[in-house]
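Next come the chains, spelled out residue by residue.
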Amino acid sequence: MIKSYSVRHINVSPGLVLSPMSGVTTRPFRRLIKEYNPGAVGLLVSEFVSVEGMTRGSRRTLEMMRFSEEERPYCVQIFGYDVDRMRDAALMVQDIGADMVDINCGCPAPKVVKRGGGCELMRQPDHLRQIIREVRRAVSIPLTLKIRAGWDESSRNAIDVAKMAESEGIEALAIHGRTRAQLYRGLADWSLVKEVAEHLSIPVLGSGDVIDGATAEERLQGKVAGLFIGRASIWNPLVFREIVSGERDTLRNNHAKMLEMLFRYVDLLREDFHDSSCAGKLKQLASQMCRGAIWRKPLLTLNTLAEQIDLLRRVRDGAFLPSQESLEQEREATDEGIAA
Ligand SMILES: Cc1cc2nc3c(=O)[nH]c(=O)nc-3n(C[C@H](O)[C@H](O)[C@H](O)COP(=O)(O)O)c2cc1C
C-alpha cells in the first residue's frame, strides 16, 4: 500500500507524482499518464516554465501552463532568478487555476544556471530566501520547492536549504538525490532524502531512479512522504498502476496495448500541437516505450505524423508480423542496451 500525503487541503493520493520533465510532461503526456494509470497518480506537474517568458507574455511559454480539469491536482513548476518576475509568474499560475506552484532549484542545464535559475539558486540561499518570501507573500495557493542534493560534492547543502525553505513557508519539498555536478550519472542518494525528511515537518518527496514496485517500496521508507517518478514513465507509462497494484512488466511484449496508447497519444498531441511537432513527440515516447517491438526502428525513421500513423495502422492490421527469431534478436539487443 502506497502512502498518501496532504498539502493543506490537497490530498496527494497515492503519494506518487509525475516528475516534471522539460519537453516531456506536456499536457498530452500528462493526460496519457493519468488516463492509463487510473487512481495511481497523486499529482501531475508541468514541465518547468520560464518566468522570463511568462512575464514577457510569450505565447508559447504561456501555453506550457495549460491543463485540463481531469488533471487535478495539478502543479505548475516555474524557474528563473528575478524576484519580481518569480512573484508575478507565481501569481499567473494561481490565476489560471492551478492547484500548486513549485519553484525549480534543481535544473542543471547550463543555459538555466548561467542566468541564475535552477540549481544555481542552491548556491545563493539568501537570494532563494528572498524569492520564496516574495512569492509566499503574493500567492495563496500551496507553494512547493524541488531541489537537488547540492551543487557538487563539496557543497551538499540540501538540508540547510530545505530547513530555510520550510521556515519561509514552503509546504512540500522534493529532493533529487544527485548534485548538479552529477547531472544524471551515478545513483540518487536516498539516504540524503531520508535525512532531509527527518529534519522537516512538511512532506518531503524523493526523486531519482524509482522504476518499479520494488524500487518504490525500498525508497518510500521512514518519513519520506512520496515519490517523484520521471524517466520510468517514458520507458513504461504504466509504471504508476504497476507500483500500486504490485503487477510487473505489463507492457512488455504487449503490442496491442502499446499501439492503443500510441494512437491515444496521437489524439492528445493533436489537440495541442501541429502535426510537425507531434511527430517528434510520438518518436520520443515510442523510442523508449516500444523497446522489443520489431516495428520500433522503422517507426523511428519516419519524419511525418501521417507516415507514422500509416505504419502504426499497418502494424495493428497485422501487416508487420515479425518472425519469432527477429523478435528475440531485437529483445536481446535492447536488453543489452538497457544493461549498458
Ligand atoms: C528529459 C528530462 C527533463 C527534466 N526536466 C525537469 C524539469 O523541467 N524540472 C525538474 O524539476 N526536473 C526535471 N528533470 C528531473 C526529473 O524531474 C527527475 O528529478 C530526475 O529525472 C530523476 O528522477 P527519475 O530517475 O525518476 O527520472 C528532468 C529530467 C529529464 C530526464
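The residue numbers shown here count from 1 along each chain, following its written sequence. Owing to the predicted nature of the model, reporting of local features is limited to residues with pLDDT of at least 70; listing and counting of side-chain atom pairs is limited to 80 or more, with chain, interface and lining totals taken over all residues. The side-chain values count all of the structure's non-hydrogen atoms but skip hydrogen atoms and water molecules.

As for the domain arrangement of the protein chain
Defined as follows: How far each domain reaches was decided by an automatic or database domain assignment. Contacts are residue-level and defined by heavy atoms, with any inter-residue pair within 4.5 Å sufficient. Note on definitions: buried area is the accessible-area loss of two parts on being combined, 1.4 Å probe, summed for both. Salt bridges are identified by distance alone: a Lys or Arg side-chain nitrogen within 4 Å of an Asp or Glu carboxyl oxygen. We call two N or O atoms a polar contact when they sit within 3.5 Å, provided that within protein one can donate a hydrogen and the other can accept it, with sequence-adjacent residues counted only if both atoms are side-chain atoms. In DSSP terms, a helix is any run of H or I states spanning at least four residues, a strand is any run of E spanning at least two, and both are numbered starting from the N terminus. Here the nonpolar group is Ala, Val, Leu, Ile, Met, Phe, Trp, Tyr, Cys and Pro; Asp, Glu, Lys and Arg are the charged ones; every other residue, Gly included, is treated as polar.
The domains assigned to the protein chain are domain 1 (5-245) and domain 2 (255-339). Each of domain 1 and domain 2 has a C-alpha centre, and these two points are 30 Å apart. Each partner contributes residues to the interface: domain 1 has 15 residues there, and domain 2 has 15 residues. Buried surface at the junction of domain 1 and domain 2, summed over both partners, amounts to about 1,500 Å²; 58% is from carbon and sulfur atoms. Area buried by domain 1 at its contact with domain 2 is led by P28, L32 and Y36, which between them contribute 33% of it. Our enumeration of links across domain 1 and domain 2 arrives at 4 salt bridges. Measuring nitrogen to oxygen at the nearest pair gives 2.8 Å for the salt bridge that ties E35 to R264. Linking domain 1 with domain 2 are 8 residue pairs in polar contact (both at pLDDT 80 or more), by the criterion used here. Breaking the side of domain 1 that touches domain 2 down by element, the ones donating at least two residues are α1 (27-36) and α11 (232-235). Each residue belonging to the side of domain 1 that touches domain 2 can be placed in one class, and the counts come to 9 nonpolar, 2 polar and 4 charged.

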